[in-house]
Amino acid sequence: MPLADDLVALRDSILADLDAAHDYHTDTLVAWQFARAAVERSEPLAYRNPATGSVTTGQGLRDKAERYLIGPLAASVLQQYLSLFEDFVLGLLRRWLLAYPMSIGRKAVTAADVFEAPDLEHLRLAIVDHEVRELGFKNVADWFARLNSLVKLGVPTDEQVRQLAELKATRDIFVHNRGVANAVYEEKAGGLKRFAGGERMDLPGDYLQTSWQLIRQVVAEVADAAISKAIPPAS
Amino acid sequence: MAETARGDRLIFSPSGMSVSLPYARLAEVRDRLDAHGVRYWVSPVAITLGNDPEVTFVYFGQKEDPAAVRQLLDSLP
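Each value, and the rule that gives it
- Residues numbered from 1 in each chain as written.
- Chains lettered and ligands numbered in written order.
- Predicted model: local features only at pLDDT ≥ 70, side-chain atom pairs only at ≥ 80, totals over all residues.
- Heavy atoms only, no water.
- Core = buried A, V, L, I, M, F, W, Y, C linked by side-chain atoms within 4.5 Å.
- Buried < 20%, exposed > 50% of the residue type's maximum accessible area, 1.4 Å probe, protein only.
- Helix = DSSP H or I, 4+ residues; strand = E, 2+ residues; numbered from the N terminus.
- Contact = heavy atoms within 4.5 Å.
- Buried area = accessible area lost by both parts, 1.4 Å probe.
- Salt bridge = Lys/Arg side-chain N within 4 Å of Asp/Glu carboxyl O.
- Polar contact = N/O pair within 3.5 Å; in protein donor to acceptor, adjacent residues only side chain to side chain.
- Nonpolar A, V, L, I, M, F, W, Y, C, P; charged D, E, K, R; others polar.
- Arc of directions from axis to C-beta.
- Pairing = 2+ DSSP bridges.
- Axes fitted to C-alpha atoms, helices over the stretch in contact; angles between N-to-C directions.

Core analysis: the biggest nonpolar cluster contains 65 residues, and L18(A), F85(A), F88(A), F144(A), L164(A), I215(A) and V222(A) have the highest contact counts within it. Counting only elements with at least two residues in this core, the list comes to α1 (3–40), α2 (58–99), α4 (120–136), α5 (140–150), α6 (158–176) and α8 (205–230) of chain A together with β4 (55–60) of chain B. Counting residues per element, this core draws most heavily on α2(A), which supplies 18 residues. Once residues lying within four places of it in the same chain are set aside, the contact partners of F85(A) are V140(A), W143(A), F144(A), L164(A), I215(A) and V218(A). Judged by nonpolar contacts, the second largest core, of 17 residues, contains L10(B), V19(B), L26(B) and L76(B).

A word on the interface of chain A and chain B. In this complex, chain A contributes 24 residues to the contact, which on the side of chain B involves 27 residues. Here chain A and chain B share an interface that buries about 2100 Å² over both sides, 58% of which is from carbon and sulfur atoms. If you look at where chain A meets chain B, you find two salt bridges. We note a salt bridge from E199(A) to K63(B), for which the minimum N-O separation is 3.8 Å. Summed over the shared surface of chain A and chain B, the result is 12 residue pairs in polar contact (both at pLDDT 80 or more). Per-element accounting of the side of chain A that touches chain B gives the leading share, nine residues, to α1(A). Each residue belonging to the side of chain A that touches chain B can be placed in one class, and the counts come to 10 nonpolar, three polar and 11 charged.

What sets the pattern is the α-helix's 3.6 residues per turn: residues three or four places apart point alike. Residue and element names in this part refer to chain A. Every buried residue belonging to α5 is among V140, W143, F144, R146, L147 and L150, and all of these are buried. Burial along α5 is one-sided: seen end-on, the buried residues are contained in an arc of 155°. Buried residues in α5 make contact with α2, α4, α6 and α8. At the N-terminal boundary of α5, the capping side chain belongs to N139, with an oxygen 3.2 Å from the backbone nitrogen of A141.

This brings us to unusual backbone geometry. Residues and elements named next belong to chain A. Between V155 and P156 the backbone carries a cis peptide bond, its omega angle lying at -5°. Along the chain, P156 turns up in the loop between α5 and α6. With a phi angle near 50°, R178 is a residue other than glycine that sits in the positive phi range. With respect to the helices and strands, R178 occurs in the loop between α6 and α7 (183–189).

Residues and elements named next belong to chain A. Counting through the fold element by element, E166 comes out in helix α6. A polar contact is formed between the side chain of E166 and the side chain of R194, at a distance of 3.1 Å. Beyond its immediate chain neighbours, meaning those up to four positions away, E166 contacts Y185, A189, L192, R194 and Y207.

What holds strands together in a sheet is hydrogen bonding between their backbones, with the strands either parallel or antiparallel. One open sheet accounts for four strands, arranged β1-β2-β4-β3 (chain B); its pairing is antiparallel. Edge positions in the open sheet fall to β1 (11–12) and β3 (40–42) of chain B, since each of these has one partner strand only. Both β1(B) and strand β2 (residues 18–22) of chain B contribute to a ladder of two bridges, which runs antiparallel. By the bridge assignment, F12(B) is partnered in β2(B) with V19(B). Each of β1, β2, β3 and β4 of chain B is contacted by α1(A), which is oriented at about 105° to β4(B), the strand it contacts most.

Structure (structure tokens):
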């Protein structure tokens, strides 16, 4: 598949999945709010979880509705948004490097890599995958610096990169530190940090909405810029 | 407006960190919270159950004092 077509497919699938993740968040929010409203109307309700033996009454469900919405649901949705963002950027880099492998430049390859590869195509794939994997451990600013070193896109803006870095730092705190900010968060979030080390972080609905809009905008703009550069000039 | 058990009441969660309210009252609630610098976010949807008026939800920032916020909103006419 020509690179431009491949990038269109990547862009469209990531944007569709971002929309699906947003729908999931809204639909789940609505489901929990219906449950809460029903309890507040004094609708009788009780159920038991046979696996744990936990019994939840209407009042209990009402408490959980609030706790789940502002806690686990928000954290899981943010993780989905960030996973899609990472898939997009690293997927774009991988596709670009596969199309233009010479842009990797000088790269040491072990003898084992060479001798174990059944052909040159496999070796090329292995080198590109290694390059993208290494980049995945770096920070967001490095990702876009590398991308712009391969092809001058002019997007995203420095401010968008800083916002994305704060988002990713927030996601890391929920994945690795149970939602409590630490020095690593402060360093990665820089001037946009929302919490100091030791503080429990929250994920308000407006923060999630802004995050989704930012990621969607950056995916669309970066993809469109890359697609325009990937289309060969008409002969 | 249909007569319901809810009426036009604001109903706080037990933790006090959120409140459900008739959608028709959202503007006055927002005005009061904004005037006092309370951090909050509003559910993006309003829902309807039975013949009740549309209900929406306001969630307060975790640094807010639930008792103080409740006092603010309880004093609404």
